[in-house]
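Structural description and commentary
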Amino acid sequence: MKKINRNFFKPFMFICVGLMAVMLMGAANPYDPPGAPGKPEMVDVGNDWCTIKFTPPTSDGGSPIQGYRIGWRYKGGTWNTTPADKLLPGYKVTITGLREGSEVEFRVSAVNKAGEGPPSDASGFFYIKD
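Residues numbered from 1 in each chain as written. Predicted model: local features only at pLDDT ≥ 70, side-chain atom pairs only at ≥ 80, totals over all residues. Heavy atoms only, no water.

Quick look at the environment of S59 now. On the secondary structure map, S59 appears in the loop between strand 2 (49–53) and strand 3 (67–74). Taking relative accessible area as the criterion, S59 reaches 36% and is therefore assigned partly exposed. Considered as a pair, S59 and P37 are 22 residues apart in the sequence and their alpha carbons are 9.1 Å apart. (Helix = DSSP H or I, 4+ residues; strand = E, 2+ residues; numbered from the N terminus. Buried < 20%, exposed > 50% of the residue type's maximum accessible area, 1.4 Å probe, protein only.)

This paragraph deals with the nonpolar core. Counting 15 residues, the largest nonpolar core has C50, I52, I70, I95, L98 and F106 as the members making the most contacts within it. Per-element accounting of this core gives the leading share, four residues, to strand 6 (residues 103–112). Once residues within four sequence positions are removed from consideration, L98 is found in contact with N47, D48, W49, C50, W72, Y74, V104, F106 and I128. (Core = buried A, V, L, I, M, F, W, Y, C linked by side-chain atoms within 4.5 Å. Contact = heavy atoms within 4.5 Å.)

A pair can form between side chains of opposite charge whenever their charged atoms are brought close. As enumerated under the stated definition, the model contains three salt bridges in all. The partner of E105 in a salt bridge is R73, and the shortest N-O contact between them spans 2.6 Å. Remark: R73 occurs in strand 3 and E105 occurs in strand 6; sequence separation between them is 32 residues. Looking at E105, the relative accessible area reads 4%, which means it is buried. (Salt bridge = Lys/Arg side-chain N within 4 Å of Asp/Glu carboxyl O.)

The next subject is the pairing of strand 3. Most of strand 3 sits out of view: six of its eight residues are buried. Bridge analysis of strand 3 against strand 6 gives eight bridges, and the strand direction is antiparallel. When the bridges of strand 6 are listed, R73 appears paired with E105. Pairing of strand 3 with strand 4 (residues 80–81), which is carried by two bridges, proceeds in the antiparallel orientation. Its bridge partner being in strand 4, G71 is matched across the sheet by T81. The antiparallel hairpin formed by strand 3 and strand 4 contains five residues in its connecting segment, where G76 sits at a positive phi of about 85 degrees. (Pairing = 2+ DSSP bridges.)

Within the secondary structure, R69 sits in strand 3. A distance of 3.0 Å separates a polar atom in the side chain of R69 from a polar atom in the side chain of T81. (Polar contact = N/O pair within 3.5 Å; in protein donor to acceptor, adjacent residues only side chain to side chain.)

Here is the structure:
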């Protein structure tokens, strides 16, 4: 009986294992993050709150939008965002707890199964007053 040379099969085994790894990594998340929502616009304002509206992204990345994160910053400050575990469901949002007499701007990002997409363009600064 003739012996099979095992060294002949080793390169094929590595190729098969490599292809399987690539296929599994590609199948782990078949979705892309969503696109950026439309630029937020101010709908209403009070002494410590502001209501904004925006349009949904043109692309959901192949997975339904789970919610939105709102980013805001005061003039001269850094961006703050709503917590990742508290996604907002709609296109019209009221943000409370703002400082009266301050200027604040907003941006919005959409979240789906693949994660958070890029933020929208910033709204420009709004003056918070009653």
